Amino acid sequence: MTGRARTGEGRRDLEACRAALEAHYAVHRTIPSMAGLARLWDYASKSSASRRVDQLIEAGVLLWSTDRRLAPGSAFRILPDPQAQVSDAPHLNDTGPNDNGRHDPDPLQAALAAWATDYDPVLVRAYSVTTRLLRLARSMERHMTQSAAREGLTSGDVLLLDALYRVGPPHRIAPTALKHYFLMSLAGVAKRVDRLEALGFIRRVPNPDDRRGLFIELTHAGRAALTRLVAVDRTAPHILWPTVLSDRQYQAMIESLTVADAVVAAADKNDRSEFPPPDM
């Protein structure tokens, strides 16, 4: 058998596996375990199914969720349930126990289909990415807030402690210079400094080069709190989700987000220059 023939056969096998999986999903609305996939595809072992899964992930048909479960990817075709009968379809006013609760687990797929019927294809592509990023950001912010609350802090407080830590020993800096160390904008720095000082996580110390100036410094208690939060991050899905990406996926995401950040930042800069903030 020639190499071309083997490649064609492999592609057909991949498409057959994809079709079987999408048909299974249409009925059950779940992705089977690796053992279940081996049975679905009539493979002799889970390792064979795992190799096929890797190919489907590379093709965008599947992805690993943050809880290490296989989930439909962007190229996954959500098919209607072939077992559903027209007579069983619920009426608009049916909200009782006959509702079997079967819903598309990713409403963005339905949104994409709706957008595609009328919106400019360019906008559909933009909305599909932007909406996912916004949903992911909201979820991550919620988890970050819950994590920070373990130490009686807000996520913004943790960013300030982290900025001080990254300054390096003795973890001390003038408040006005803090903004250069933030990885994102952080409003209300003065209020956060006051709160963190009251908690004993930072302290104000004299600036030896300026009698009227003060430094803020990370305390031992502040470093300990940050260390505990970092330990929690080692098992937090909202932090570790990039680790499920392949090297190629990770690099592509970093490059894509870098480009997106530059484009949006340039537009944001132009907006600020065209519409200066009002006098306070």
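Residues numbered from 1 in each chain as written. Predicted model: local features only at pLDDT ≥ 70, side-chain atom pairs only at ≥ 80, totals over all residues. Heavy atoms only, no water.

Going by the annotation in an unreviewed UniProt entry, the name recorded for the protein is MarR family transcriptional regulator, with Sphingobium fuliginis ATCC 27551 given as the source organism.

A separate point is the sheet that holds strand S3 (residues 172-173). Taken in spatial order, the three strands make up an open sheet running S3-S5-S4, and their pairing is antiparallel. Each of the sheet's edge strands pairs with one partner strand only, and the pair in question is S3 and strand S4 (202-207). Of the strand pairs in this sheet, S3 and strand S5 (residues 210-218) are connected by two bridges, and their pairing is antiparallel. Counterpart to Arg172 in the pairing with S5 is Glu217. Relative to S5, helix H6 (residues 155-167) is tilted by about 105°, and along the sheet it contacts S3, S4 and S5. (Pairing = 2+ DSSP bridges. Helix = DSSP H or I, 4+ residues; strand = E, 2+ residues; numbered from the N terminus. Contact = heavy atoms within 4.5 Å. Axes fitted to C-alpha atoms, helices over the stretch in contact; angles between N-to-C directions.)

For the rest of this paragraph, the subject is a nonpolar patch on the surface. Together, Val129, Leu133, Met253 and Leu257 make up an exposed nonpolar region whose accessible area comes to about 320 Å². Put simply, the parts of the chain that give the nonpolar patch at least two residues each are helix H5 (121-149) and helix H10 (247-274). For Leu133, the location among the structural elements is in helix H5. (Patch = residues over 30% accessible without salt bridge, like charges linked within 9 Å, V, L, I, M, F, W, Y side chains within 5 Å. Areas by Shrake-Rupley, 256 points an atom, 1.4 Å probe, with all protein chains shown as cover. Salt bridge = Lys/Arg side-chain N within 4 Å of Asp/Glu carboxyl O.)

Tracing the backbone shows Arg192 in helix H7 (residues 189-198). Exposure remark for Arg192: the relative accessible area of 17% places this residue in the buried category. Here the side chain of Arg192 touches Thr154 through a polar contact of 3.0 Å, side chain to side chain. (Buried < 20%, exposed > 50% of the residue type's maximum accessible area, 1.4 Å probe, protein only. Polar contact = N/O pair within 3.5 Å; in protein donor to acceptor, adjacent residues only side chain to side chain.)

The terminal C-alpha atoms of H6 lie 19 Å apart, and with 13 residues this matches the ideal 18 Å at 1.5 Å per residue to within 8%. Within the sequence span of H6, burial applies to Ser155, Gly156, Asp157, Val158, Leu160, Leu161, Ala163 and Leu164. Lining the buried residues of H6 we find H5, S3, H7, S4, S5 and helix H8 (220-233). Following H6 by one or two positions, Gly168 adopts a phi angle in the positive range, close to 95°. (Expected span 1.5 Å × (residues − 1).)

Okay, the pattern of salt bridges next. Under the defined criterion, the tally for this structure stands at eleven salt bridges. A salt bridge links Arg166 to Asp162; the shortest N-O distance between them is 2.7 Å. Of the two residues, Arg166 and Asp162 are both situated in helix H6; the distance of four residues between them amounts to about one turn of the helix. Judged by its relative accessible area of 34%, Arg166 is partly exposed.

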